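Listed below are the residues making up each chain.
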Amino acid sequence: DRDIGEPEEIYWTWYRPFALILVVAVAFLYVLPIILFLPCFCILSLVRTFRIRYRSRYHTNPEDVRIAVIGSGWSGLQIIDRLTELGVTQIQGYERWEEIG
């Protein structure tokens, strides 16, 4: 009979290196696409950011736009002021009454 302190005999020790190789290979197959494609995603994200930030914000030149503002109340006066800040020069205001406001 055996003593309690003796280690158990192991017969199937040959599979341990193969299991380790399998685990490393599977982990590498999951990590490899991340390592390869992460820089591509970062570069594409930066290109998109700079492209959006530095391209022309207007499809039409502001000087060529004609805008009609109906009503010369508080919001009508504010929109006319904002449009002139943006460079729009052809603004026509319409009001039902003769007075502004």
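Calculation notes
Per-chain numbering applies: the sequence of each chain, read as written, is numbered from 1 onward. Given that the model is predicted, a residue must reach a pLDDT of at least 70 before its local features are reported, and side-chain atom pairs must reach 80 or more before they are shown or counted; all residues, however, enter totals for whole chains, interfaces and linings. Side-chain descriptors were evaluated using all non-hydrogen atoms of the structure, hydrogens and water having been removed beforehand. In DSSP terms, a helix is any run of H or I states spanning at least four residues, a strand is any run of E spanning at least two, and both are numbered starting from the N terminus. To sort residues, take the accessible area from a 1.4 Å probe on protein chains only and compare it with the maximum for the residue type: under 20% means buried, over 50% means exposed, and anything in between is partly exposed. For the area figures, the Shrake-Rupley method with a 1.4 Å probe applies, and any residue is considered shielded solely by the protein chains shown. For two strands to be treated as a pair, DSSP must find no fewer than two bridges joining them. With strands facing away from the observer, any crossover in which the path from the first strand over the helix to the second runs clockwise is taken as right-handed. A helix is expected to span 1.5 Å multiplied by its residue count minus one. Nonpolar side chains (Val, Leu, Ile, Met, Phe, Trp, Tyr) within 5 Å and like charges within 9 Å form the patches, drawn only from residues with over 30% relative accessible area and no salt bridge. For salt bridges, the criterion is a side-chain nitrogen of Lys or Arg within 4 Å of an Asp or Glu carboxyl oxygen.

What follows deals with the overall build of the protein. Along the backbone of the protein there are 2 helices and 2 strands. Reading the protein from its N terminus to its C terminus gives the helix and strand order α-β-α-β. When each of the 101 residues of the protein is scored for burial, the buried share is 6%. Counting every atom, the protein has about 10000 Å² of accessible surface; 63% of that belongs to carbon and sulfur.

With that settled, consider the pairing of strand β1 (residues 66–70). In the case of a regular strand, side chains alternate between the two sheet surfaces. Across 5 bridges, the pairing between β1 and strand β2 (residues 90–94) is parallel. Bridging from a neighbouring strand, Ala68 pairs with Gln92 of β2. A crossover links β1 with its parallel partner β2, the connecting element being helix α2 (residues 74–86), and its sense is right-handed.

The next thing to look at is α2. An ideal rise of 1.5 Å per residue puts 18 Å on 13 residues; α2 measures up with 19 Å between its terminal C-alpha atoms. Positive phi shows up at Gly87, right after α2, with a value of about 105°.

A grouping of Leu22, Val26, Tyr30, Val31 and Ile35 is seen on the molecular surface, where their side chains present a nonpolar patch of about 520 Å² in accessible area. Relative to the helices and strands, Val31 is located in helix α1 (residues 15–54).

Let's shift gears to the pattern of salt bridges. In this structure the tally under the stated criterion is 1 salt bridge. With its nearest N and O atoms 3.3 Å apart, the salt bridge here joins Arg82 to Glu85. Highlighted residues: Arg82 and Glu85, both in helix α2, separated by 3 residues, approximately one helical turn. The exposure class of Glu85 is exposed, given its relative accessible area of 53%.

All we've got here are geometric facts, nothing functional implied.
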